[in-house]
Amino acid sequence: MVISIRSAETADAPRLIELDRVTWSPENAVAPLRDGDADFFERRPPGDVLVAEDDGAVVGYTQFGRPTPLASNAHVLHIQGLAVDPSVRRRGVARQLLEAAAEEATRRGVRKLGLRVLGGNTSARALYESAGFEVEGVLREEFLLDGRYVDDVLMARRLT
Ligand SMILES: CC(C)(COP(=O)(O)OP(=O)(O)OC[C@H]1O[C@@H](n2cnc3c(N)ncnc32)[C@H](O)[C@@H]1OP(=O)(O)O)[C@@H](O)C(=O)NCCC(=O)NCCS
């Protein structure tokens, strides 16, 4: 498998919605899936989404955004979604997407790349730790998902 990473384009929207459909569950996401007809880029421009391609097929994506619009917070960018098609997991796709996101963040002058991950999402937590992210805090029992209180873990990686 030869993975290439590129910025998303509006034409990727149906495939990205499909990736969401096969990816998200109460194990790894706090919000219900968007309406199947909603535009993937409704709240985020394609330039803030990177996709991973294998032989022309989109097999994963990550999206990022600023945690707040404050000028004093402009040196921080957050990963706000990362998904890899179940058929190609454990082949380094997410790791490449994270590295590409870190490069893009550095290009934008960002010093710190942050994210939030559910406490029980062990695969994602292992991924982020292996990619240099450190736990900065834990919001205990932050979400009630499927009748269970779940921690929200705040992680970040310094880019300088
Ligand atoms: C988490 C996720 C993005 C990982 O994608 P992936 O392409 O399979 O990850 P990679 O192959 O790049 O894995 C890199 C490293 O992460 C860790 N890792 C990834 N999946 C793992 C798993 N299931 N169990 C343990 N460690 C795992 C390992 O350290 C792995 O390195 P290794 O394979 O050399 O041991 C993918 O499982 C996914 O889409 N999950 C559902 C959505 C999700 O939880 N997103 C994150 C929300 S915060």
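An account of the accompanying structure is given in this report. (Residues numbered from 1 in each chain as written. Predicted model: local features only at pLDDT ≥ 70, side-chain atom pairs only at ≥ 80, totals over all residues. Heavy atoms only, no water.)

1. With respect to the overall build of the protein chain
Across its full length, the protein chain holds three helices and seven strands. Taken over the C-alpha trace, the protein chain has a radius of gyration of 15 Å; the compact-globule value for 160 residues is 15 Å, and the two agree within 12%. If you line up the protein chain on its principal axes, its C-alpha atoms span 40 × 40 × 30 Å. Evaluated residue by residue, the protein chain yields a buried proportion of 43% over its 160 residues. Just so you have it, the protein chain exposes about 9100 Å², and 48% of that area is on carbon and sulfur atoms. On the protein chain, the mean spot of the 21 positive side-chain charges and the mean spot of the 25 negative ones are 5 Å from each other. (Helix = DSSP H or I, 4+ residues; strand = E, 2+ residues; numbered from the N terminus. Rg over C-alpha atoms; globule rule 2.2 N^0.38 Å. Buried < 20%, exposed > 50% of the residue type's maximum accessible area, 1.4 Å probe, protein only. Areas by Shrake-Rupley, 256 points an atom, 1.4 Å probe, with all protein chains shown as cover. Lys, Arg positive; Asp, Glu negative; His and termini not counted. Charge placed at Lys NZ, Arg CZ, Asp CG, Glu CD.)

2. Points about the site of the ligand
Near the ligand lie 22 residues; those nearest to it are Leu82, Arg90, Gly92, Arg95 and Asn121. A distance of 2.7 Å separates an oxygen atom of the ligand from a polar atom in the side chain of asparagine 121. Look at the ligand: alone it shows 920 Å² of surface, and the protein chains cover 78% of it. Mapped onto the shell around the ligand, the elements with two or more residues apiece are strand S4 (76-84), helix H2 (93-107), strand S5 (112-118) and helix H3 (122-130). Each residue belonging to the shell around the ligand can be placed in one class, and the counts come to eleven nonpolar, six polar and five charged. (Near = heavy atom within 4 Å. Polar contact = N/O pair within 3.5 Å; in protein donor to acceptor, adjacent residues only side chain to side chain. Nonpolar A, V, L, I, M, F, W, Y, C, P; charged D, E, K, R; others polar.)

3. Quick notes on the packing of aromatic side chains
Any aromatic ring pair is given by two values, namely how distant the centres are and how the planes are angled relative to each other. For the structure shown, the criterion picks out three aromatic pairs. An angle of 90 degrees between the planes, with centres 5.2 Å apart, marks the rings of phenylalanine 40 and tyrosine 61 as edge-to-face. In this pair, phenylalanine 40 sits in the loop between helix H1 (13-23) and strand S2 (49-54) while tyrosine 61 sits in strand S3 (residues 57-65), placing the two residues 21 residues apart along the sequence. Summarising the burial analysis for this pair, phenylalanine 40 and tyrosine 61 share the class buried. Here the aromatic residues Phe40, Phe41 and Tyr61 are joined through ring pairs into a cluster of three or more. (Phe/Tyr/Trp six-rings, centres within 6.5 Å; stacked < 30°, edge-to-face > 60°.)

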